[in-house]
Amino acid sequence: MSKLNILIFPDSRLRTKAQTIEQVDDEVRQLANDMLETMYDAAGIGLAATQVDVHRRLLVADVSSEGSEPLVLINPEIIEKQGEQLHDEGCLSVPGIYAQVARAEKIRVSALNLDGEPFETEAEGLLAICIQHEMDHLNGVLFVDYLSPLKKRLVRKKLLKMKRANEEVLA
Ligand code: NI
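Conventions we followed
Residues numbered from 1 in each chain as written. Predicted model: local features only at pLDDT ≥ 70, side-chain atom pairs only at ≥ 80, totals over all residues. Heavy atoms only, no water. Helix = DSSP H or I, 4+ residues; strand = E, 2+ residues; numbered from the N terminus. Rg over C-alpha atoms; globule rule 2.2 N^0.38 Å. Contact = heavy atoms within 4.5 Å. Areas by Shrake-Rupley, 256 points an atom, 1.4 Å probe, with all protein chains shown as cover. Lys, Arg positive; Asp, Glu negative; His and termini not counted. Charge placed at Lys NZ, Arg CZ, Asp CG, Glu CD. Polar contact = N/O pair within 3.5 Å; in protein donor to acceptor, adjacent residues only side chain to side chain. Core = buried A, V, L, I, M, F, W, Y, C linked by side-chain atoms within 4.5 Å. Buried < 20%, exposed > 50% of the residue type's maximum accessible area, 1.4 Å probe, protein only.

Here we take up the overall build of the protein chain. Of regular secondary structure, the protein chain possesses three helices and seven strands. Along the protein chain, helices (α) and strands (β) appear in the sequence α-β-β-β-β-β-β-β-α-α when read from the amino end. On C-alpha atoms alone, the protein chain measures out to a radius of gyration of 16 Å, which is about the 16 Å that the 2.2 N^0.38 rule sets for 171 residues. Referenced to the eigenvectors of the C-alpha coordinate spread, the extents of the protein chain come out at roughly 50 × 40 × 30 Å. Sequence-distant contacts in the protein chain: of pairs separated by 6 or more residues, those separated by 24 or more amount to 65%. Element-wise, carbon and sulfur atoms account for 49% of the exposed surface of the protein chain, whose accessible area totals about 9600 Å². Taking the average location of the 20 positive side-chain charges in the protein chain and that of its 28 negative ones, the two points are 12 Å from each other.

Quick look at the structure:
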């Protein structure tokens, strides 16, 4: 397994729409393993292939507190949505920014597993948020896209400030 590099907003590659995975082979399984390692290492609860600059429809998630429930979804599709929930979201590609986003409370998802077999699963609460957030990544959408123009300006300001602070450290 190896750790992958995570793209950081506003990297334009984060806007790429991922392609359907035609065949679940060893390369895909390796990618899923590497993405899980990368996610755990960054203390994240979800990661989409888009974020590691691989534009294929694969996401990993684990919302358990012990990091003991890895979930891999290949070509995920939401087939049912129910209710609404508001939650502060963050993103490994938008470090230091947290903002409230409205998502479905409960979802039913179809996907392929690591053997290439189709399955369906239900998710609610945090896992439902996480899957919806990661599926957005596969379509080139980031959670900050949902914010009001005013909030977006504040986020941009904060990111610019963080970038400057980083540059000062490096200088
Ligand atoms: Ni994200």
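Still more to cover.
With that settled, consider the side chain of Glu89. Looking at the element boundaries, Glu89 is found in strand S4 (residues 85–89). At a separation of 2.9 Å, a polar atom in the side chain of Glu89 contacts the side chain of His133. Not counting the four nearest positions on each side in its chain, Glu89 is found in contact with Ile97, Tyr98, Ala99, Val101, Arg103, Ile129, His133 and Phe143.

Counting residues in hydrophobic clusters, the biggest one holds 17 residues, and the most contacted among them are Met35, Leu47, Leu58, Val60, Val72 and Ile74. Among the secondary structure elements, those contributing two or more residues to this core are helix H1 (26–41), strand S2 (58–61) and strand S3 (71–82). Apart from the residues lying within four places of it in its own chain, the contact partners of Ile74 are Ile21, Val24, Val28, Arg57, Leu58, Ala111, Leu112, Asn113 and Leu114.

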